[in-house]
Amino acid sequence: MDAELLSQVLFAAIKTGTPLLLIALGEVICEKSGVLNLGQEGMMLMGAVVGFLAAYTSGSVGLGVLGAIIIGMFMSLIFAFLVLHLGANQVATGLALTIFGTGLSAFVGSGVVGQTVQGFQPIVIPLLSDIPFIGHILFTHDLLVYLSFALAALVSYVATKTRIGLVIKAVGENPHAANAIGIKVLRVRYCAVMFGGAMAGLSGAYMSLVYTPMWIENMTSGRGWIALALVVFASWRVGRIMLGAYLFGLASIMHLVLQGMGWNISPNLLAMLPYVATVVVMVIISADHFKEKLLAPRSLGKPFDPRQMA
Amino acid sequence: MKLKSLLLGLGLVAGLSAAHAEDPFKVGFVYVGPVGDHGWSYEHNRGREELEKHFEGKVKTTYVENVAEGADAERVITQLAKSGNDLIFTTSFGYMNPTLKVAKRFPKTTFEHATGYKRAKNLGTYALRTYEGRYVSGVAAGMMTKTNKIGYIGSFPIPEVFRDINSAYMAAKTVNPNVEFKIVWVNSWYDPGKETDAANALMDQGVDVLLQHTDSPAPLIAAEKRGMRAVGQASDMSHFAPNAHIFSVRDDWAPYYIKTTEAVMDGTYKPADFWGGFKDDMLSISSINDNLPADVKAKIQATYDDVRSGKISPFTGPIKNNEGKVVVAKGHTLTDTELAQVNWYVEGITDAIPQ
């Protein structure tokens, strides 16, 4: 494989990993606060369809992104109300949200199937993009990819270095203790869930405005689920989420490129690779002596009722 | 007064039983993708709509979309049979065994499975001669490529896909002896993201015309973005890529759905293996792009006419496989049974058949 093709492959790996990164960044914050939202796929599809509709009718991709973020937040608000206020089961509600989002997005988008929008154009960053090899891979992307770099840095910083990060962590580890010291547990969780929704919406917009600039039913093809696995795989650490997303992107691209180069490997086997890698890593990190390193938020998935003291 | 109401009541009962006697004939459909995929399932659903329109009021249809192949499919097909559908069309290769299983359990219901080969007393099969469309695509691709590299996005390594790759390749060779095929498998019938990745990976490797055996228009959009060319699959995909689009091979299931439903209603139905192509109007060439050179446009039309009339038959020997062995003897044309078992590449395709 020559250098040029290699740089194309790495460039594509980042592009393929970006929707996973975006949605996983939202989910990790949501889970750190102790809420498991399995509705990612549904929110992502709603983000994709609303983002597309907004961009298509207004002619502005910026408005498309905004619309996607808002619908993602709205969907997650429904979820938050059900699980936080009414104490509904998080797993069941999340699954329902995915089913609801899949159906509703198909319905809402039925009028624009087959339409296309201009989508985001690549922005070549001067000077930086001239760096040999790396320049093309990192600095000739579209706005949303750069935004994903910034968001990853921001989420990592907030989660580990700020008071807000500590508060979210406290709420996810032990909501009763957090409540005792005066933290408004439900309010923190609402915010975390809605951040997750915003990111899922954004990730959907990435699919329908950049990746394949069109709306078509079920176009996310399970990426919301992969992102959920990715968060566990990365043991709730942002750096690893980024790495995992790009690795998954790379594995998906390599499987296609190697075939084009005439390697005679079973395509079924190659298509499996990213998933096998995920499973292997999950088995390793969930082995007993690694458990402490797993860092799963202790109250993940458990409802919290402030009136009920532990 | 009493008599009147009694008569009225009788009339109502009679009316009800008359309505019962004229219960619509119920037809169920199972789709592998969403009806909005703009490819395979979209066209099956269009066929269903035409069927309902054709027998207005006499036929009632239902469909279930996005049904995973395997256990899920068996459950869905059983459900359709239980809820009184007289005829059920299952429309993906992977539904073959589940359909057969359910057909045995519901002997009074008629089943029709698309692209399969297992039949029973109440189970027939039907398919499209997609290789005819693929032959025209190959001719167009061979004429349009400047790099002499044509990319082919394959779904699953099964005979139908091998057959079509061979057809396109042999066709391309007739107009451009230097063409080379690059084949990539995405292991999915429908995943717009992955199809885009595959299209880009192929174009990164020098391909400038794309053919696809997957259902979404994503590869066309990817080609449009990079100024390359592509052929639309299953439905008219011209509006997705106004410049890149060469033409689309369109499926049309309506004639078959109407004919079969009629036969089952009349009681003249016999399970068979039906393959429809150009001459049955179940496959057609649509929206040849105006921006193609005049000679290419003319050649596409002429090739279509020749395949339709039978003047060109893609799988007529002598044909050698890519290991140099003669797989179709001189003068022999593959029968449908043989076509269903193609598991080789023709001479000149450098890839090996995936194991």
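Here the structure is a predicted model, which is why all the values come from computation and not from measurement. (Residues numbered from 1 in each chain as written. Chains lettered and ligands numbered in written order. Predicted model: local features only at pLDDT ≥ 70, side-chain atom pairs only at ≥ 80, totals over all residues. Heavy atoms only, no water.)

Remarks on the overall build of chain A
Looking only at helices and strands, chain A features 13 helices and zero strands. Mapped from its N terminus to its C terminus, chain A presents α and β elements in the order α-α-α-α-α-α-α-α-α-α-α-α-α. Considering chain A as a whole, with its 310 residues, one finds that 54% of them fall into the buried category. Taking contacts inside chain A between residues at least 6 apart in sequence as the whole, the part at least 24 apart equals 78%. Accessible surface for chain A amounts to roughly 13,300 Å². Of this, 71% is attributable to carbon and sulfur atoms. (Helix = DSSP H or I, 4+ residues; strand = E, 2+ residues; numbered from the N terminus. Buried < 20%, exposed > 50% of the residue type's maximum accessible area, 1.4 Å probe, protein only. Contact = heavy atoms within 4.5 Å. Areas by Shrake-Rupley, 256 points an atom, 1.4 Å probe, with all protein chains shown as cover.)

Overview of the state of the cysteines
Residues and elements named next belong to chain A. Inspection of every chain in the model, using the stated rule, returns zero disulfides over all chains. Just so you know, C30 is unpaired, no disulfide at all, and the nearest cysteine sulfur is the one on C191, 12 Å from it. Taking the relative accessible area as the measure of exposure, C30 reaches 1% and is therefore buried. Given the relative accessible area of 54%, C191 is considered exposed. (Disulfide = S-S within 2.5 Å.)

Section: the packing of aromatic side chains
All names here are of chain B. A full pass over the atoms with the stated rule returns 23 aromatic pairs over all chains. A ring pair is formed by W253 and Y257, whose centres lie 6.4 Å apart and whose planes are at 20°; its orientation type is stacked. The residues W253 and Y257 share a single accessibility class, namely buried. Every member of this aromatic cluster is reached through a ring pair, and the members are F29, Y31, W40, Y63, F89, Y126, W253, Y256, Y257 and F274. (Phe/Tyr/Trp six-rings, centres within 6.5 Å; stacked < 30°, edge-to-face > 60°.)

Digging into helix α7 (residues 192-204) of chain B
Residues and elements named next belong to chain B. Relative to the 18 Å expected for 13 residues at 1.5 Å per residue, α7 spans 18 Å between its end C-alpha atoms, a close match to the ideal helical length. The buried fraction of α7 amounts to eleven of the 13 residues, a majority that puts the element mostly inside the structure. The complete set of buried residues in α7 reads P192, G193, K194, E195, T196, D197, A198, A199, A201, L202 and M203. Trailing α7 by a residue or two, G206 shows a phi angle of about 95°, which is positive. (Expected span 1.5 Å × (residues − 1).)

Remarks on the sheet that holds strand β10 (residues 245-251) of chain B
Picture the strands of a sheet paired through backbone hydrogen bonds; they go either parallel or antiparallel. Residues and elements named next belong to chain B. One open sheet holds the six strands; their spatial order is β7-β6-β8-β9-β10-β12, and the pairing between them is mixed. Every interior strand has two partners, whereas the edge strands, β7 (180-185) and β12 (283-286), have only one. The sheet shows a mean angle of 20° between the axes of neighbouring strands, taken without regard to direction. Running over the sheet, helix α2 (residues 40-54) touches β9 (229-234) and β10 and is turned about 50° from β10. Of the strands in this sheet, β6 (149-154), β8 (209-212), β9, β10 and β12 touch helix α5 (residues 130-144), which is tilted by about 175° from β10. (Pairing = 2+ DSSP bridges. Axes fitted to C-alpha atoms, helices over the stretch in contact; angles between N-to-C directions.)

Let's talk about the interface of chain B and chain A
If you look at the interface, chain B gives 36 residues, while chain A gives 29 residues. In total, about 2,700 Å² of surface goes out of reach between chain B and chain A, with carbon and sulfur atoms giving 57% of it. If you sort the residues of chain B by the area they bury against chain A, D197, D204 and Q205 of chain B come out on top, with a joint share of 18%. At the junction of chain B and chain A, the tally comes to one salt bridge. Here D191 of chain B and R223 of chain A are joined by a salt bridge, their closest N and O atoms 3.6 Å apart. Our count for the contact surface shared by chain B and chain A stands at six residue pairs in polar contact (both at pLDDT 80 or more). Looking at the side of chain B that touches chain A, the elements with two or more residues in it are β7, α7 and α8 (218-225) of chain B. Examining the composition of the side of chain B that touches chain A, we find that eight residues originate from one element, α7 of chain B, more than from any other. Considered class by class, the residues forming the side of chain B that touches chain A number 18 nonpolar, nine polar and nine charged. (Buried area = accessible area lost by both parts, 1.4 Å probe. Salt bridge = Lys/Arg side-chain N within 4 Å of Asp/Glu carboxyl O. Polar contact = N/O pair within 3.5 Å; in protein donor to acceptor, adjacent residues only side chain to side chain. Nonpolar A, V, L, I, M, F, W, Y, C, P; charged D, E, K, R; others polar.)

Points about the sheet that holds strand β1 (residues 25-30) of chain B
All names here are of chain B. Taken in spatial order, the six strands make up an open sheet running β2-β1-β3-β4-β5-β11, and their pairing is parallel. Each of the sheet's edge strands pairs with one partner strand only, and the pair in question is β2 (59-64) and β11 (273-276). Sheet twist, expressed as the mean angle between neighbouring strand axes with direction ignored, is 20°. Bridge count between β1 and strand β3 (residues 87-90): four bridges; the pairing is parallel. In the sheet register, G28 faces β3, and the bridge partner there is I88. With respect to the sheet, helix α3 (residues 71-82) is in contact with β1, β2, β3 and β4 (110-114), its orientation differing from that of β1 by roughly 175°.

A closer look at the confidence of the model for chain B
The share of residues in chain B with pLDDT of 70 or more is 94%, and the mean pLDDT across the chain is 90. Confidence drops under pLDDT 50 across residues 1-21 of chain B; counting only partners more than four residues distant or on other chains, this segment forms zero contacts. (pLDDT = per-residue confidence, 0-100.)

What about the environment of A245 of chain A?
Residue and element names in this part refer to chain A. Within the secondary structure, A245 sits in helix α11 (residues 238-260). On the basis of relative accessible area, A245 is assigned to the buried category, the value being 0%. For the pair A245 and A13, spaced 232 residues apart in sequence, the C-alpha separation works out to 8.8 Å. With sequence-adjacent residues up to four places away left out, A245 is seen in contact with G17, L20, L21 and L230.

A closer look at the packing of α11 of chain A against α7 of chain B
Two elements in contact, α11 of chain A and α7 of chain B, have axes separated by 9 Å at closest approach and are oriented at 45°. Classified by the angle between their axes, α11 of chain A and α7 of chain B sit oblique to one another. Note that α11 of chain A runs across α7 of chain B; the crossing there is right-handed. On α7 of chain B, the residues that touch I253, H255, L256 and V257 of chain A of α11 of chain A are K194, D197, A198 and A201 of chain B. Along the lines of polarity and charge, the residues of the contact of α11 of chain A with α7 of chain B split into five nonpolar, one polar and two charged. (Parallel < 35°, antiparallel > 145°, perpendicular 65-115°, else oblique. Left-handed = near helix turned anticlockwise from the far one by under 90°.)

Some words on a nonpolar patch on the surface
All names here are of chain A. The grouping of F74, L77, I78, F81, L82, L86 and F100 at the surface amounts to a nonpolar patch, some 610 Å² of accessible area in total. For the nonpolar patch, the element with the most residues is helix α3 (residues 61-85), which contributes five residues. By the secondary structure assignment, F74 is in helix α3. Judged by its relative accessible area of 48%, F74 is partly exposed. (Patch = residues over 30% accessible without salt bridge, like charges linked within 9 Å, V, L, I, M, F, W, Y side chains within 5 Å.)

Here's the deal with the pairing of β6 of chain B
Residues and elements named next belong to chain B. Of all six residues making up β6, five are buried, and the element is well covered by its neighbours. As judged from the six bridges shared by β6 and β7, these two strands associate in the parallel manner. Within the sheet, the bridge partner assigned to I150 lies in β7 and is F181. For the crossover from β6 across helix α6 (residues 159-175) to β7, the handedness is right-handed. Note: β6 against β8, four bridges, orientation parallel. From the neighbouring strand, Y152 faces β8, where its bridge partner is L211. (Right-handed = clockwise from strand over helix to strand, strands pointing away.)

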